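Descriptive structure summary
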Amino acid sequence: DKVLKSMEDDIDIRERVSEDILSGRKMKLPSNLFLLATMNTSDQSLFPMDSAFKRRWSWKYVPIEADCPQSQFRIKIGDKVYKWASFLEKANEKVHRLSDSEDKQMGNFFIKSNIEEDEFKSKVMFYLWSEICKDYEKAGSFFKYIGSEGNEVEFTFNTLFPTNDKTNKILQGFMSY
């Protein structure tokens, strides 16, 4: 009975919809359809689209908030666990200081869940290395940790590979720095 009713509804809809719509030549959207999307305004490759969207539709700026309850993720590196919110605050302070811009800062949902060292390196550290360190001369000081002799040790992104105890210690040192 349910299947028959569904088929009747389908036939009724087909009779009311034009052939252009059924064939795909035209598209009709229901009046109660809303599209919600997010866009990172610092994504430079999307700048023309971003500008066009801002001119044509309503938009709302969402600030970075370390205390956002939905983004209290954890970063596990070796046997240590770090708070994403704390890292985000400190890293964004350095990013802002180096770039003199808020556009390069990472947002609450740059990561979307708890992560471990491989994802942290390939997503977060790579972003910092490729988008901050390569663009700003003085950014070389961003990738540092305190060595065993109490001295500052600078490292490169490549130094973090392969993932093992040695490279995890460097990453843990960076997180503490």
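Attention here is on the structure that accompanies the text. Note that this is a predicted model, so its numbers are computed, not measured. (Residues numbered from 1 in each chain as written. Predicted model: local features only at pLDDT ≥ 70, side-chain atom pairs only at ≥ 80, totals over all residues. Heavy atoms only, no water.)

Examining the pairing of strand 1 (residues 74-77)
Every second residue of strand 1 is oriented toward a common face, the buried set being Ile-75 and Ile-77 and the non-buried set Arg-74 and Lys-76. Connecting the antiparallel pair strand 1 and strand 2 (residues 80-83) is a turn made up of two residues, with Gly-78 showing a positive phi of about 60°. Here strand 1 pairs with strand 3 (residues 115-116) via two bridges, running parallel. Residue Lys-76 lies in a different strand from strand 3, and its bridge partner there is Glu-116. (Buried < 20%, exposed > 50% of the residue type's maximum accessible area, 1.4 Å probe, protein only. Helix = DSSP H or I, 4+ residues; strand = E, 2+ residues; numbered from the N terminus. Pairing = 2+ DSSP bridges.)

Describing the pattern of salt bridges
Scanning the entire structure with this criterion turns up two salt bridges. Linking Lys-144 and Glu-152 is a salt bridge whose minimum nitrogen-to-oxygen distance equals 2.8 Å. Residue Lys-144 is classed as buried on the basis of its relative accessible area of 14%. Owing to a relative accessible area of 46%, Glu-152 belongs among the partly exposed residues under this scheme. (Salt bridge = Lys/Arg side-chain N within 4 Å of Asp/Glu carboxyl O.)

Remarks on the packing of aromatic side chains
Think of a pair of aromatic rings as described by two things: how far the centres are apart, and how the planes are tilted against each other in angle. Taken as a whole and judged by the stated rule, the model has 14 aromatic pairs. A ring pair is formed by Phe-143 and Phe-174, whose centres lie 5.6 Å apart and whose planes are at 25°; its orientation type is stacked. Here Phe-143 is found in the loop between helix 5 (117-133) and strand 4 (144-146), whereas its partner Phe-174 is found in helix 6 (residues 165-176), with 31 residues between them in sequence. Across the pair, exposure class does not vary: Phe-143 and Phe-174 are buried alike. Pairing Phe-157 with Phe-161 gives two aromatic rings, centres 5.2 Å apart and planes at 65°, and the pair type is edge-to-face. A relative accessible area of 37% means that Phe-161 is categorised as partly exposed. Through a chain of ring-to-ring contacts, the aromatic side chains of Trp-84, Phe-87, Phe-120, Trp-129, Phe-142, Phe-143, Tyr-145, Phe-155 and Phe-174 assemble into a single cluster. The residue whose ring lies beneath Lys-121 is Phe-161, and the NZ or CZ to ring-centre distance is 4.6 Å. (Phe/Tyr/Trp six-rings, centres within 6.5 Å; stacked < 30°, edge-to-face > 60°. Lys NZ or Arg CZ within 6 Å of the ring centre and 35° of its normal.)

Considerations on the packing of helix 5 against helix 6
Interaxial distance between helix 5 and helix 6 falls to 12 Å at its minimum, and their mutual angle equals 55°. Taken together, the axis directions place helix 5 and helix 6 in an arrangement best described as oblique. Here the hand of the crossing between helix 5 and helix 6 comes out left-handed. Mapping the contact onto sequence places Glu-117, Phe-120, Lys-121 and Met-125 in helix 5 and Thr-167, Asn-168, Leu-171, Phe-174 and Met-175 in helix 6. Residue classes in the contact of helix 5 with helix 6 are distributed as five nonpolar, two polar and two charged. (Axes fitted to C-alpha atoms, helices over the stretch in contact; angles between N-to-C directions. Parallel < 35°, antiparallel > 145°, perpendicular 65-115°, else oblique. Left-handed = near helix turned anticlockwise from the far one by under 90°. Contact = heavy atoms within 4.5 Å. Nonpolar A, V, L, I, M, F, W, Y, C, P; charged D, E, K, R; others polar.)

Thoughts on unusual backbone geometry
In this structure, Pro-162 follows Phe-161 across a cis peptide bond, with omega equal to -5°. Looking at the secondary structure, you find Pro-162 in the loop between strand 5 (152-154) and helix 6. Although it is not a glycine, Asp-100 adopts a positive phi angle of roughly 55°. Relative to the helices and strands, Asp-100 is located in the loop between helix 4 (84-99) and strand 3.

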